Amino acid sequence: MKNGREARNRAEKNRRDKLNGSIQELSAMVPHVAESPRRVDKTAVLRFSAHGLRVDYVFGKSKPEETVKPEAQDSLFRMLNGFLLTVTCRGQIVLVSPSVEQFLGHCQTDLYGQNLFNLTHPDDHALLKQQLIPSNLVNMFDNGGPSTSCGAPPALLGSGEGGSGTNGTDGGGEFQRSYDDEEEIDRKLRQDHRRFTIRMARAGPRSEATTYELVTIDGCFRRADSAPRGSSSSSSTTKAGAAGAGGTAGSMQMIRRVRGRDDAIPLHSINGNDIVSV
């Protein structure tokens, strides 16, 4: 019994040491952690790490050169009596301007990696879910996007093994979207303007009752820079088969959320970071 207990203790110690080593490596790699003047706990290190990956996925290919200092940008938002907020379809906060502290009392870095639903009044969750999803999302992606310029449906590619590749019924296949089709999807997302008001929680002691401020959100949608483009499978069932038989990485990415955590959010055609609201 004693030897068995000692073995378990050693295994647990090795596991903790390995975890602590990985956390230390992440701490040196993640800017928000490495530049922090105070010690950051393990949970925050993991949260900042996931946030950094999410920002790179959404904006990694379109980061502009810094022609205006962040301080000037934040001053502009203060003058406009507002703050910048970018969230995914699932409510994960991607970007938020420092001016949020003026309106809600939350520190900018404290909101990185947080979920907007955790800051929203429970009675407003249904409205927020509805507003974070683009209009006609299923048809926009699952039907292969808009038709081609000649009015014909997009070309259907073979899925490799298990299908002839001539239609969407024999083993599945992928609709190849053209550049114009992709541009049309992006245009529809930009034109899908949203303006709604929700109650957001102010920062305060946990011992006190939560107070809320009315916040009007005004913006539109955009696709993440790293979101898959170019092809869309004919159905979720055939997509899984195509991916296992030589399908593209893009098609696999598109079906990662087939089993969504919330059936009320129709995100079966995209993963949670592919479309953001700005």
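Residues numbered from 1 in each chain as written. Predicted model: local features only at pLDDT ≥ 70, side-chain atom pairs only at ≥ 80, totals over all residues. Heavy atoms only, no water.

For the chain, an unreviewed UniProt entry supplies the name BHLH domain-containing protein and the organism Anopheles melas.

A. Seen up close, the nonpolar core. If you look at the biggest cluster of nonpolar residues, it comprises 27 residues, and the most contacted ones within it are Phe-83 and Val-96. Listing elements by their share of this core, those giving two or more residues are helix H3 (42-59), strand E1 (85-88), strand E2 (93-96), helix H5 (100-104), strand E5 (194-201) and strand E6 (212-219). (Core = buried A, V, L, I, M, F, W, Y, C linked by side-chain atoms within 4.5 Å. Buried < 20%, exposed > 50% of the residue type's maximum accessible area, 1.4 Å probe, protein only. Helix = DSSP H or I, 4+ residues; strand = E, 2+ residues; numbered from the N terminus.)

B. Just the layout of surface pockets, in detail. One number sums up the size of the second largest pocket: a volume of about 490 Å³. Lining the second largest pocket are 24 residues, with Phe-83, Val-215, Thr-216, Ile-217 and Asp-218 sitting closest to its centre. Within the residue set of the lining of the second largest pocket, elements represented by two or more residues are E1, H5, E5 and E6. Taken together, the residues of the lining of the second largest pocket break down into 16 nonpolar, 5 polar and 3 charged. (1 Å grid on protein atoms, 1.4 Å probe; cavity = no way out; pocket = protein on both sides within 12 Å on 5 of 7 lines; lining within 4 Å. Points joined across faces, edges and corners; volume = space filled by probe spheres on them. Nonpolar A, V, L, I, M, F, W, Y, C, P; charged D, E, K, R; others polar.)

C. Inspection of the sheet that holds strand E9 (residues 275-277) at higher detail. The 4 strands lie next to each other as E2-E1-E9-E7, forming an open sheet whose pairing is antiparallel. Of all strands in the sheet, those with a lone pairing partner are E2 and strand E7 (221-223), marking the two edges. The mean angle between the axes of side-by-side strands here comes to 25 degrees, regardless of whether they run parallel or antiparallel. Sheet analysis places E7 next to E9, joined by 3 bridges and oriented antiparallel. Bridging across to E9, Arg-222 finds its partner in Val-276. (Pairing = 2+ DSSP bridges. Axes fitted to C-alpha atoms, helices over the stretch in contact; angles between N-to-C directions.)

D. Spatial organisation of the packing of aromatic side chains. In this structure the tally under the stated criterion is 1 aromatic pair. Geometrically, the ring pair formed by Phe-83 and Phe-103 is tilted, given 6.0 Å between the ring centres and 40 degrees between the ring planes. Of the two residues, Phe-83 sits in the loop between helix H4 (70-79) and E1 while Phe-103 sits in helix H5, which places them 20 residues apart along the sequence. In terms of burial, Phe-83 and Phe-103 fall into one category: buried. The ring of Phe-48 has Arg-47 sitting right over it, with the charged end atom 4.8 Å from the ring centre. (Phe/Tyr/Trp six-rings, centres within 6.5 Å; stacked < 30°, edge-to-face > 60°. Lys NZ or Arg CZ within 6 Å of the ring centre and 35° of its normal.)

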